[in-house]
Amino acid sequence: MTPQEIMEMLHAEIKAEKNLGAVASYIPELGKVNPDYFGIYLTSIDGQRLSAGDWDVPFSIQSIAKVLSLSFAFNLKGDAIWERVGVEPSGSPFNSLVQLEFESGIPRNPFINAGAIVICDILCSELENPKEELLSFIRRVANNPNINYNPIIAASEASEGYRNFALINFIRSFGNIHNEVEEVIDLYFHLSSVMMTCKELSETFLFLANAGIQVDTGERILGVSMTKRINAVMQTCGFYDEAGEFAFRVGLPGKSGVGGGIAAILPNDYAIAVWSPRLNTKGNSYRGMKFLEQFTTLTELSIF
Ligand code: GLU
């Protein structure tokens, strides 16, 4: 079977099974999405494009965007960012406060909320118009001028963002937030609200499979060594406290979001995006995990 046939077969099989898990509802707007959407898109460096299901429906990529803000900050500041945020898996939920107390406000990694908020603070220090410049960076990486924030989701997130406000104030009390709390958290909520289709998401992530170079434009987005490091952090920290399970079952570096999206890459080969809004108890897409496990097993296209 070809990878396209395998993709279609798995999509149909998994769609026919019961869709378990729950849509994230702690952000009111996210709770409104149809839980049965299920899309997949794969883009390869050599120009292959495979797809199945609802691959052209835009969704809120949520924490997947943390890979893009990290890439931007890493590019601007280099290794200095690692003085402000670590690279170890946290082993605790994405929005947890507890480790910060013991570790003096230095978040474990850039993909838990605490770490992504510190990365947003770095962007606020480095940029004149952080929201606009971050969006331009994302559009450049995606080679797509139509990518946008969703202001309704950003506002919805702010309306219930008590834990993120607690996190940022707590980190600031340790001196690891340098800008006004309101400015930084507004950037963080907008980052989380970025909308993409599976197609756009896989195209956006392809530079990470291609040693940091945007495939269509040939533009270098990140150095080779920086790309290696981002991929390593995705491998170890990209799936909340289920990163070990994802490596074990799927075997690709990637990042998930509470909108039900997963983006993953196979270095020197492809980027894949899967979206299905129902989440397992760890906050990762139930169908997304299931699909990727079987897809990488049957195609033998994983890093292990
Ligand atoms: N915007 C979300 C939050 O901070 C991001 C969650 C996620 O996708 O992990 O709650």
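Please refer to the structure placed before this passage.
1. Quick notes on the overall build of the protein chain
Consideration 1: What the protein chain contains, in helices and strands, is 12 helices and seven strands.
Consideration 2: Projected onto the principal axes, the alpha-carbon positions of the protein chain cover approximately 55 × 40 × 35 Å.
Consideration 3: Burial analysis of the protein chain (304 residues in total) assigns 56% to the buried set.
Consideration 4: Counting only contacts in the protein chain whose residues sit at least 6 apart along the sequence, the fraction spanning at least 24 positions is 68%.
Consideration 5: Here the protein chain displays about 11900 Å² of accessible surface, and carbon together with sulfur accounts for 52% of that area.
Consideration 6: One finds the centroid of the 23 positive side-chain charges in the protein chain at a distance of 2 Å from the centroid of its 35 negative side-chain charges.

2. Quick notes on the packing of aromatic side chains
Consideration 1: Across all of its chains, the model carries 12 aromatic pairs by this definition.
Consideration 2: Here the basic side chain of K255 rests over the ring of Y240, its NZ or CZ set 4.5 Å away from the ring centre.

3. Comments concerning the site of the ligand
Consideration 1: Residues in close proximity to the ligand include Y26, Q62, S63, F94, N113, E157, N164, Y188, S192, Y240, G257 and V258, which together make up its full environment.
Consideration 2: At 2.6 Å, a side-chain N or O of Y188 approaches an oxygen atom of the ligand.
Consideration 3: At a separation of 2.9 Å, an oxygen atom of the ligand approaches a polar backbone atom of V258.
Consideration 4: Notes on the ligand: free accessible area 300 Å², of which the protein chains cover 99%.
Consideration 5: Looking at the shell around the ligand, its residues break down into five nonpolar, six polar and one charged.

4. Let's talk about the environment of G288
Consideration 1: Counting through the fold element by element, G288 comes out in helix α12 (residues 286–299).
Consideration 2: Residue class for G288 comes out buried when judged on its relative accessible area of 0%.
Consideration 3: The contacts of G288, once residues within four sequence positions are left out, are I262, V274 and S276.

5. Examining the environment of V67
Consideration 1: Residue position: V67 is located in helix α2 (residues 66–77).
Consideration 2: When the C-alpha atoms of V67 and G283 are compared, they prove to be 17 Å apart, with 216 residues separating the residues in sequence.
Consideration 3: Contact partners of V67, with chain neighbours within four places excluded, come to F111, F205, L208, I230, M234 and K255.

6. Let's talk about α2
Consideration 1: In this model, α2 (12 residues) spans 16 Å end to end at C-alpha, consistent with the 16 Å of a helix rising 1.5 Å per residue.
Consideration 2: Within α2, nine of the 12 residues are buried, which leaves the element mostly enclosed by the surrounding structure.
Consideration 3: Taken together, the buried positions of α2 are K66, V67, L68, S69, L70, S71, F72, A73 and F74.
Consideration 4: Of the residues flanking the end of α2, it is G78, one or two places downstream, whose phi is positive at about 65°.

7. Overview of the side chain of S69
Consideration 1: Tracing the chain through its elements places S69 in helix α2.
Consideration 2: Under the relative-accessibility criterion, S69 is labelled buried at 1%.
Consideration 3: Setting aside its immediate chain neighbours within four residues, S69 contacts I119, L123, L134 and L191.

8. A look at the side chain of Q62
Consideration 1: Residue position: Q62 is located in the loop between β3 (59–60) and α2.
Consideration 2: Among the polar contacts made by the side chain of Q62, one reaches the main-chain carbonyl oxygen of S192 at a distance of 3.2 Å.
Consideration 3: Discounting residues that sit within four places of it in the chain, Q62 has contacts with I27, L30, I153, E157, L191, S192, V194, G257, V258 and G259.

Calculation criteria
Residues numbered from 1 in each chain as written. Predicted model: local features only at pLDDT ≥ 70, side-chain atom pairs only at ≥ 80, totals over all residues. Heavy atoms only, no water. Helix = DSSP H or I, 4+ residues; strand = E, 2+ residues; numbered from the N terminus. Buried < 20%, exposed > 50% of the residue type's maximum accessible area, 1.4 Å probe, protein only. Contact = heavy atoms within 4.5 Å. Areas by Shrake-Rupley, 256 points an atom, 1.4 Å probe, with all protein chains shown as cover. Lys, Arg positive; Asp, Glu negative; His and termini not counted. Charge placed at Lys NZ, Arg CZ, Asp CG, Glu CD. Phe/Tyr/Trp six-rings, centres within 6.5 Å; stacked < 30°, edge-to-face > 60°. Lys NZ or Arg CZ within 6 Å of the ring centre and 35° of its normal. Near = heavy atom within 4 Å. Polar contact = N/O pair within 3.5 Å; in protein donor to acceptor, adjacent residues only side chain to side chain. Nonpolar A, V, L, I, M, F, W, Y, C, P; charged D, E, K, R; others polar. Expected span 1.5 Å × (residues − 1).

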